[in-house]
Amino acid sequence: MSEYCINQGILKACFLKLIELVMKLDRITSNSARMNGQACIRNLRLTVRRVIKLLATYSDKKELFQKFPELEEDIRQALIYASTYLDDRIMDISSNDATIAKQKPSHDNGNSSDA
């Protein structure tokens, strides 16, 4: 079996698992009359975006769950929901882009004549 077929099989299995998880997102709601139709948690005025942002701002997850113990399952479902909107892409980097990426940023040493 070729490597391509194996990768396609893994991709299909992951896709099916994701569909299974998305089907179980019972805490994610959308109502056009609430929060402009944005995806919310349990039909509250708490958007999925805000939950993800909250997760990103707390470096200590234990502290987050101590302050908001009711959000543990909500956070899991919000991450699954958000992941369905991310696109896996392979981007071709041209040789020019690779050269730019390898260059170190120049640092101003304070000797600028513009001051």
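Structure shown above.
Residues numbered from 1 in each chain as written. Predicted model: local features only at pLDDT ≥ 70, side-chain atom pairs only at ≥ 80, totals over all residues. Heavy atoms only, no water.

Enquirer: Teacher, can you tell me more about the overall build of the protein here?
Expert: When helices and strands are counted, the protein shows 5 helices and 2 strands. The buried share of the protein, taken over its 115 residues, is 15%. In the protein, 44% of the contacts between residues at least 6 apart in sequence involve partners at least 24 apart. When the accessible surface of the protein is split by element, carbon and sulfur atoms take 55% of a total near 9,800 Å². (Helix = DSSP H or I, 4+ residues; strand = E, 2+ residues; numbered from the N terminus. Buried < 20%, exposed > 50% of the residue type's maximum accessible area, 1.4 Å probe, protein only. Contact = heavy atoms within 4.5 Å. Areas by Shrake-Rupley, 256 points an atom, 1.4 Å probe, with all protein chains shown as cover.)

Enquirer: Which parts of the structure should I look at to understand the nonpolar core?
Expert: Side chains that are nonpolar tend, in soluble globular proteins, to be buried together. Residues Ile28, Ile41, Val48, Val51, Leu64, Ile75 and Ala78 are the most contacted members of the largest nonpolar core, which totals 13 residues. Residue assignment for this core shows that the elements contributing at least two residues are strand 2 (39–41), helix 2 (48–57) and helix 4 (72–83). What Ile75 contacts, discounting residues up to four positions off in sequence, is Val51, Leu55, Leu64 and Phe65. (Core = buried A, V, L, I, M, F, W, Y, C linked by side-chain atoms within 4.5 Å.)

Enquirer: Any chance you could explain the side chain of Gln77 here in plain terms?
Expert: Among the secondary structure elements, Gln77 is positioned in helix 4. At 3.0 Å, the side chain of Gln77 forms a polar contact with the side chain of Glu73. Residues within four places of Gln77 in sequence aside, it is in contact with Lys24, Leu25, Asp26, Arg27 and Ile28. (Polar contact = N/O pair within 3.5 Å; in protein donor to acceptor, adjacent residues only side chain to side chain.)

Enquirer: Help me understand helix 2, please; the structure alone is not making it clear to me.
Expert: In an α-helix, one turn spans 3.6 residues; hence positions three or four apart end up facing the same way. Turning to helix 2, its buried residues are Val48, Val51 and Leu55. Across the axial projection of helix 2, the buried residues extend over an arc of 60 degrees, all falling on one side. Set apart from the buried face of helix 2 by more than 90 degrees, the exposed residues are Arg49, Arg50, Lys53, Ala56 and Thr57. Contacts from the buried residues of helix 2 go to strand 1 (28–30), strand 2, helix 3 (61–67) and helix 4. (Arc of directions from axis to C-beta.)

Enquirer: Quick question: what am I supposed to make of unusual backbone geometry here?
Expert: Leaving glycine aside, a negative phi is the common case for residues, and trans is the common case for peptide bonds. Despite not being glycine, Asn36 has its phi angle at roughly 55 degrees, a positive value. Counting through the fold element by element, Asn36 comes out in the loop between strand 1 and strand 2. Despite not being glycine, Arg42 shows a phi value in the positive range, around 50 degrees. Looking at the secondary structure, you find Arg42 in the loop between strand 2 and helix 2.

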